[in-house]
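Per-entry structural report
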Amino acid sequence: LAAILSNAQAALRFLETGKPDLNEIREILRDIVHDDKRAGNVIRSLRSMMRRTEEEKKPVMLKEVIEDVIAILHSEAVFRNVHIESDLGESLPPVLADRIQLQQVILNLIMNATEALPQNRPEERKIILRTEAADSCVRASVRDFGRGIEKENLDRLFQPFFTTKGSGLGMGLTLTKSIIEANGGRIWGENHPDGGAIFAFELPVIGGQ
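From a predicted model like this one, the values you see are computed outputs, not experimental measurements. (Residues numbered from 1 in each chain as written. Predicted model: local features only at pLDDT ≥ 70, side-chain atom pairs only at ≥ 80, totals over all residues. Heavy atoms only, no water.)

With that settled, consider the sheet that holds strand E7 (residues 197-204). Backbone-to-backbone hydrogen bonds pair the strands of a sheet. The strands run either parallel or antiparallel. Taken in spatial order, the 5 strands line up as E2-E4-E5-E7-E6 in an open sheet, and their pairing is mixed. In the strand order of this sheet, the two ends are held by strand E2 (83-87) and strand E6 (186-191), each with one partner. When strand polarity is set aside, the average angle formed by the axes of neighbouring strands in this sheet is 15°. Judged from the 5 bridges that link them, E2 and strand E4 (residues 126-134) form a sheet pairing that is parallel. Counterpart to Glu85 in the pairing with E4 is Ile128. Contacting E2, E4, strand E5 (137-144), E6 and E7, helix H5 (residues 99-114) crosses the sheet at an angle of about 170° to E7. (Pairing = 2+ DSSP bridges. Helix = DSSP H or I, 4+ residues; strand = E, 2+ residues; numbered from the N terminus. Axes fitted to C-alpha atoms, helices over the stretch in contact; angles between N-to-C directions. Contact = heavy atoms within 4.5 Å.)

Structure below.
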């Protein structure tokens, strides 16, 4: 929805110039259509998860899912002046999961990370995404360089309606945890020894190899 709003506002700005570039407007409208379809897919996928259906689970390369989300959030990252770095394993095995649900998990974690950075100096507004092998799982992590998590909040991160944001609903991480567990994995958050916070999740590889 944020991407749709951002693109619609951009289109209005182009139209108000008096001599809009129609090719640019056309591309913006294509992006809006794409984002609308993606939002619909997310809703259908979450409905399936709540019904505990397995039909959408297929072999998924986590690296590709993360790259898709980075592309989706490119404009948002530029707007927030946040640099996204990635260290994604090239030869990691696939996991059996719902691709749309995993996109939503990664999107939630990246957006949470960007919201931890507004007080940072421009050169410190950075997020690092990483994937790696972990026993019979693939692990993905999102690290920010913000102030970290207050000690008293570490055990409450995934509780429904818990939030440290003034306008937050406190459901993003709860939903993220539900998605990961519905796909057979686990998720956690902690402070990084060198500063900032890190959220990571693991999903079992197909066949446990």
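Next, the rest of the story.
Let us look at the nonpolar core. Counting residues in hydrophobic clusters, the biggest one holds 39 residues, and the most contacted among them are Leu62, Leu102, Ile106, Leu109, Ile110, Ile127 and Phe201. Mapped onto this core, the elements with two or more residues apiece are helix H3 (62-72), strand E3 (95-97), H5, E4, E5, helix H6 (172-182) and E7. Here this core gets 8 residues from one element, more than from any other, and that element is H5. Residues within four places of Ile127 in sequence aside, it is in contact with Val82, His83, Ile84, Glu85, Ile110, Ala113, Thr114, Leu117, Val142 and Arg143. Counting 6 residues, the second-largest nonpolar core is a separate cluster that includes Ile4, Ala11, Ile28 and Ile32. (Core = buried A, V, L, I, M, F, W, Y, C linked by side-chain atoms within 4.5 Å. Buried < 20%, exposed > 50% of the residue type's maximum accessible area, 1.4 Å probe, protein only.)

Turning next to the environment of Glu90. By the secondary structure assignment, Glu90 is in the loop between E2 and E3. Here the alpha-carbon distance between Glu90 and Glu132, two residues 42 residues apart in the chain, equals 9.2 Å.

Once that is clear, we can look at helix H1 (residues 2-15). Along its 14 residues, H1 runs 20 Å from first to last C-alpha, staying within 8% of the 20 Å computed at 1.5 Å per residue. Along H1, the residues classified as buried are Ile4, Asn7, Ala10 and Ala11. The buried residues of H1 all sit within an arc of 130° when viewed along its axis, so they share a single face. Opposite the buried face of H1, by more than 90 degrees, sit the exposed residues Ala2 and Arg13. (Expected span 1.5 Å × (residues − 1). Arc of directions from axis to C-beta.)

In terms of strand pairing, E4 meets E5 through 8 bridges, oriented antiparallel. Bridge pairing links Ile127 to Asp144 in E5.

Below, the discussion takes up the packing of aromatic side chains. Counted under the stated rule, the structure contains 1 aromatic pair. Each ring, one from Phe158 and one from Phe199, has its centre 6.2 Å from the other, and the planes form 80°; the classification is edge-to-face. With Phe158 in the loop between E5 and H6 and Phe199 in strand E7, the pair connects residues that are 41 residues apart, well separated along the chain. The ring of Phe145 has Lys126 lying over it, and the distance from NZ or CZ to the ring centre is 4.9 Å. (Phe/Tyr/Trp six-rings, centres within 6.5 Å; stacked < 30°, edge-to-face > 60°. Lys NZ or Arg CZ within 6 Å of the ring centre and 35° of its normal.)

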